[in-house]
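# Residue-level structure breakdown
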Amino acid sequence: MTEESIQRDIHGDGTGPAELSLGELELEERSSLRRVVGLSTELEDITEVEYRQLRLERVVLVGVWTEGTALESESSLAELARLAETAGSEVLDGLVQRRDRPDPATYIGSGKVTELADVVRATGADTVICDGELSPSQLQQLETRLKVKVVDRTALILDIFAQHARSREGKAQVELAQLQYLLPRLRGWGATLSRQAGGRAGGGNGGVGLRGPGETKIETDRRRIRNKISKLRKDIKEMSAFRDTKRSRRVANDVPSVAIAGYTNAGKSSLLNALTGAGVLVEDALFATLDATTRRTETAEGNVYTLTDTVGFVRHLPHQLVEAFRSTLDEVADADLVVHVVDGADPMPEWQVTAVREVLNDIGDRRDTRMPPELVVVNKVDASTEIALARLRHLLPGAVFVSARTGQGIDDLRERIAELIPRPDVEVDVLVPYDRGEVVARVHREGEVLDERHTETGTALHAKVKPDLAGALERFAVNGSSA
């Protein structure tokens, strides 16, 4: 390789250094990892406690339509298809069964199971994904009759979270959610999990092969899972204490906080990048980013505040994830303002709004606190139509319409955020000596200067500041009063 080609590899096209953000590097790394095609998904004996990795290659989707319109049912199955593709699978077909309620034995009914089995054989699928959370008995019945792996919506979302978690806290939260989901569904196939009995089992001494510790292998696994869950909860509590410490520092410094919440793939990370230049990972996929990212920025007047990108929501978000990601979701409840991002290009954005608000209300009810004010932001206006945007303006009065990709409406959003976050409200008149320039700089940095004059003895300031800064300025107050 020549020196010229080496330089071209390093600098891109030769015009200058090709600087990649952290998010772009993560996206490149994620794109280089692909699922191995052709792995067997036949049922095997599960003898370890670790969560079974979902090996999704060629899948068939199935849903139960219990209420709503046919369009809503089709949209739900389309979202399931996007989830499956995000997990790394190829969707071959999809079936919807119209029922008053899911069948308690097989979820879709015995006749539909036979039809589904024919579709599985015809398409060569190795996995069936159900658009709902299956009970352990439903899962076992379907796998027995279909002879392929059966995955429900909850397990699918958990698998996506497991793939995309990056931080230590995020990985621990996902593992906790997986184990909580697995515990009631843990079971084995074959004779390896035959029951052992101790003492005088069966009226005698138990017989050869039955004398043992009096505990089945599956019971041992369940005990190990419970111990692991306890350890993970303890670890997450310790890690959340670190997050609480950083949050308490911002509160102590009276730095307003803004949480960006919304449906998955609505463009929360893109919006954070547009507002702060954070450079976090952006990908057109569901749950592309899970770890909360906080960046500091300021208003046009120079007032500092923080923006936090939180985990995305989805319809029927597994309760295990809500519980496991409690410390991350608390960022929303503790914020001064929630920027609720809605995908303006989605065919049914009102579903997104309802799903997000349900989770936010659950967080508020659990903490028994009032949620912060909400600013709705409709993103991706460049990919939407005028008719759809007019409908959203009617459904979401007061919303800000932006495009994080093109920058349209971002300045308007900054102004609205500046209007809604807490502002300095203590009015002071102070005279600061010239040798205390750091005090003047702090007033400019943390307060809102209404008037500034330079006198013979110092700098006269008329400003609005926060209570803690007003206390520090009392010694410089004109006429002995800072208020």
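### Some remarks on the pattern of salt bridges
For the structure on display, the rule yields 19 salt bridges. We note a salt bridge from E79 to R153, for which the minimum N-O separation is 2.5 Å. With E79 in helix α3 (residues 70-86) and R153 in helix α6 (residues 153-164), the pair connects residues that are 74 residues apart, well separated along the chain. Per residue, the accessibility class of E79 equals that of R153, and both read buried.

### Digging into α6
Along its twelve residues, α6 runs 17 Å from first to last C-alpha, staying within 8% of the 16 Å computed at 1.5 Å per residue. Taken across its twelve residues, α6 has ten buried, putting it largely inside the fold. Within the sequence span of α6, burial applies to R153, T154, A155, L156, I157, L158, D159, I160, F161 and H164.

### So, the pairing of strand β9 (residues 374-379)
Taking burial as the measure, the six residues of β9 include five buried ones, the bulk of the element. In this structure, strand β8 (residues 337-343) lies alongside β9, joined through six bridges in parallel fashion. Residue pairing in the sheet places D343 in a bridge with N379 of β9. As paired elements, β9 and strand β10 (residues 400-401) share two bridges and run parallel to each other. Directly across from V377, in β10, lies its bridge partner V400. Crossover β9 to β10 through helix α13 (residues 386-395) is right-handed.

### Considering the confidence of the model for the chain
Low-pLDDT portions of the prediction should not be read for the details of their coordinates. When pLDDT is averaged along the chain, the result is 78, and 76% of the positions lie at 70 or above. Between the elements of the chain, mean pLDDT differs from a low of 42, seen in helix α1 (residues 3-11), to a high of 96, seen in β10. Residue range residues 1-18 is modelled with pLDDT below 50. Its contacts to residues more than four positions away, or to other chains, number eight contacts. The low-confidence segment residues 188-207, where pLDDT is below 50, has 38 contacts with residues more than four positions distant or belonging to other chains.

### Describing the sheet that holds strand β3 (residues 127-130)
Spatially, β2-β1-β3-β4 is the arrangement adopted by the four strands of the open sheet, whose pairing is parallel. The sheet is open, and its two edges are formed by β2 (90-98) and β4 (149-152), each paired on a single side. Each adjacent strand pair in this sheet contributes to an overall mean axis angle of 25 degrees, direction not counted. Relative to β3, strand β1 (residues 58-65) runs parallel, the two sharing four bridges. Of the residues in β3, the one forming a bridge with V59 is T127. Relative to the sheet, helix α4 (residues 110-123) contacts β1, β2 and β3, its axis offset from that of β2 by approximately 165 degrees. The sheet strands contacting α6 are β3 and β4, and the helix crosses β4 at an angle near 85 degrees.

Rules and cut-offs
- Residues numbered from 1 in each chain as written.
- Predicted model: local features only at pLDDT ≥ 70, side-chain atom pairs only at ≥ 80, totals over all residues.
- Heavy atoms only, no water.
- Salt bridge = Lys/Arg side-chain N within 4 Å of Asp/Glu carboxyl O.
- Helix = DSSP H or I, 4+ residues; strand = E, 2+ residues; numbered from the N terminus.
- Buried < 20%, exposed > 50% of the residue type's maximum accessible area, 1.4 Å probe, protein only.
- Expected span 1.5 Å × (residues − 1).
- Pairing = 2+ DSSP bridges.
- Right-handed = clockwise from strand over helix to strand, strands pointing away.
- pLDDT = per-residue confidence, 0-100.
- Contact = heavy atoms within 4.5 Å.
- Axes fitted to C-alpha atoms, helices over the stretch in contact; angles between N-to-C directions.

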